[in-house]
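Commentary on secondary and tertiary structure
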Amino acid sequence: MADPLPEALGPLLREARARLVAAGVGDPALDARLIVEHFSGTTRTQAIADPERTIDSNAIAAIDAALGRRAGGEPVHRILGYREFYGLRLSLSPETLEPRPDTETLVEAVLPFVKAMAAREGTCRILDLGTGTGAIALALLSAVPAATATGVDISAGALATAARNAGELGLGGRFTTVQSDWFEKVSGRYHVIAANPPYIPTRDIGNLQDEVRDFDPRLALDGGVDGLNPYRIIAAEAARFLEAESRIAVEIGHTQRDEVTDIFKAAGYASVAALRDLGGNDRVLVFQWG
Ligand SMILES: C[S@@+](CC[C@H](N)C(=O)[O-])C[C@H]1O[C@@H](n2cnc3c(N)ncnc32)[C@H](O)[C@@H]1O
């Protein structure tokens, strides 16, 4: 059994880190800091300025349990219950994918268009297909006060989390949710459709990192036999829900650029942009309709 954790903040952080190092965790210093700060309600500045500060026993017990979970392989943001995305704190639930920094590339890709549409038309209607935590829609709404968004997901649990996130961020008045199998229950027309659909081929799910395979919902990962099924459905049906001069932007797996481009071009869309993520991988494709 591990030694009891120290009560003073500085030594507590050091011991937390040592436990995660011993467990072989990838970024032990960062994860130890996130866990200690979250459960003790302290900040990085306090750890530097006041390392002798005493942490109460309830917080120590919570940190102890959280370190055990992290050492056992649970992703740190699942333990904290939230993840930052585009500067927004988004709550997670078992039904939601953890939003990833790569997906911020999609937000950046359509943001200028959303801003321009809102300036020209007084609004910009956004449809976020497979919204999960609401990450993409809420990031765009937070940046463009005149925009509105509809978040679609097949998972009722994900939509409940997205609606809660919208409310907590003060964006609930401009965000609605629709439980739907892609476009089945969707109505209206939109200036922007954004989607980060499941795109992992079914046979590759077993080879994903443990933290992804065991903790992100399978519904958020599995894109069918070749990983491209959701793109085929979206490309075939989106036109009926798009305004003239609109945009559709999709996140892709890093090897899928040509295949997904072909799917959208064959359905009548024109390619507008292809963007790479911070790691230099192909990540986002933007198409125009009309
Ligand atoms: C890769 S996750 C993306 C979540 C979020 N948009 C993000 O970027 O973090 C894909 C999402 O699509 C949803 N989904 C899967 N199949 C769907 C379907 N047939 N219709 C609607 N949503 C679906 C999943 O529940 C999941 O929330």
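Residues numbered from 1 in each chain as written. Predicted model: local features only at pLDDT ≥ 70, side-chain atom pairs only at ≥ 80, totals over all residues. Heavy atoms only, no water.

As annotated in UniProt, the chain is Release factor glutamine methyltransferase from Mesorhizobium japonicum. Regarding the chain, the UniProt comment filed under Function reads as follows: "Methylates the class 1 translation termination release factors RF1/PrfA and RF2/PrfB on the glutamine residue of the universally conserved GGQ motif." Regarding the chain, the relevant UniProt record gives this comment under Catalytic activity: "L-glutaminyl-[peptide chain release factor] + S-adenosyl-L-methionine = N(5)-methyl-L-glutaminyl-[peptide chain release factor] + S-adenosyl-L-homocysteine + H(+)". (UniProt positions renumbered as here; feature names shortened; annotations may be inferred.)

**Examining the layout of surface pockets**
Volume-wise, the second largest pocket comes out at about 220 Å³. Surrounding the second largest pocket, Gly-10, Leu-13, Arg-14, Arg-17, Ala-29, Ala-32, Arg-33, Glu-37, Arg-44, Ala-47 and Ile-48 form its lining. For the lining of the second largest pocket, the class distribution of residues is five nonpolar, one polar and five charged. (1 Å grid on protein atoms, 1.4 Å probe; cavity = no way out; pocket = protein on both sides within 12 Å on 5 of 7 lines; lining within 4 Å. Points joined across faces, edges and corners; volume = space filled by probe spheres on them. Nonpolar A, V, L, I, M, F, W, Y, C, P; charged D, E, K, R; others polar.)

**A word on the domain arrangement of the chain**
Entries for the chain in the domain assignment read domain 1 (9-80) and domain 2 (84-289). One C-alpha centre belongs to domain 1, the other to domain 2, and the line joining them spans 33 Å. Residue-level contacts link six residues of domain 1 with ten residues of domain 2. At the boundary of domain 1 with domain 2, total buried surface from both sides reaches about 680 Å², with 46% on carbon and sulfur atoms. Contact with domain 2 buries surface across domain 1, with Pro-75, His-77 and Arg-78 losing the most and accounting together for 75% of the total. Here domain 1 is connected to domain 2 by two salt bridges. Note that Arg-70 and Glu-211 form a salt bridge whose closest N and O atoms lie 3.0 Å from each other. (Domains from an automatic or database assignment. Contact = heavy atoms within 4.5 Å. Buried area = accessible area lost by both parts, 1.4 Å probe. Salt bridge = Lys/Arg side-chain N within 4 Å of Asp/Glu carboxyl O.)

**Overview of helix H11 (residues 257-266)**
All of the buried residues along H11 are Val-260, Thr-261, Ile-263 and Phe-264. Viewed along the axis of H11, the buried residues span an arc of 160 degrees, placing them on a single side of the element. Structural note: H11 exposes Asp-258, Asp-262 and Ala-266 on the side pointing more than 90 degrees away from its buried face. Of the surrounding secondary structure, the elements contacted by the buried residues of H11 are helix H10 (229-237), strand E7 (242-251) and strand E9 (282-289). Once H11 ends, the next one or two residues include Gly-268, with phi positive near 105 degrees. (Buried < 20%, exposed > 50% of the residue type's maximum accessible area, 1.4 Å probe, protein only. Helix = DSSP H or I, 4+ residues; strand = E, 2+ residues; numbered from the N terminus. Arc of directions from axis to C-beta.)

**Digging into the site of the ligand**
Around the ligand, 17 residues are found, and the nearest of them are Gly-130, Asp-153, Asp-181, Trp-182 and Asn-196. Here Gly-130 contributes a backbone N or O atom positioned 2.7 Å from a nitrogen atom of the ligand. With respect to the ligand, the side chain of Asp-153 contributes an N or O atom lying 2.6 Å from an oxygen atom. Burial of the ligand by the protein chains amounts to 95% of its free accessible area of 590 Å². Looking at side-chain class alone, the shell around the ligand contains nine nonpolar, six polar and two charged residues. (Near = heavy atom within 4 Å. Polar contact = N/O pair within 3.5 Å; in protein donor to acceptor, adjacent residues only side chain to side chain. Areas by Shrake-Rupley, 256 points an atom, 1.4 Å probe, with all protein chains shown as cover.)

**Section: the UniProt feature "binding site: S-adenosyl-L-methionine" in the chain**
Mapped onto the present numbering, the UniProt feature "binding site: S-adenosyl-L-methionine" falls at Gly-130, Thr-131, Gly-132, Thr-133, Gly-134, Asp-153, Trp-182 and Asn-196. With respect to the secondary-structure elements, Gly-130 resides in the loop between strand E3 (124-129) and helix H7 (135-143). Residue Gly-130 is classed as partly exposed on the basis of its relative accessible area of 25%. Other than its neighbours up to four places away in sequence, Gly-130 contacts Val-152, Asp-153, Trp-182 and Asn-196.

**Description of the sheet that holds E7**
Reading across from one edge, E5-E4-E3-E6-E7-E9-E8 is the order of the seven strands in this open sheet, with mixed pairing throughout. Each edge of the open sheet is held by one strand with a lone partner, namely strand E5 (175-179) and strand E8 (270-276). Between one strand axis and the next, the sheet turns through 20 degrees on average, direction left out of account. Where strand E6 (residues 190-195) and E7 come together, five bridges link them in parallel fashion. Looking at the pairing, Ile-193 lines up with Ile-248 of E7. (Pairing = 2+ DSSP bridges. Axes fitted to C-alpha atoms, helices over the stretch in contact; angles between N-to-C directions.)

**Let's talk about the UniProt feature "binding site: substrate" in the chain**
According to UniProt, the "binding site: substrate" feature falls on Asn-196, Pro-197, Pro-198 and Tyr-199. The buried category is assigned to Pro-198, whose relative accessible area is 10%. Among residues more than four places away in sequence, those in contact with Pro-198 are Trp-182, Leu-219, Ala-220, Leu-221, Asp-222, Gly-223, Gly-227 and Pro-230. Filtering out sequence-adjacent residues up to four positions away, Tyr-199 remains in contact with Leu-221, Gly-223, Gly-227, Tyr-231, Glu-251, Ile-252, Gly-253, Gln-256 and Arg-283.

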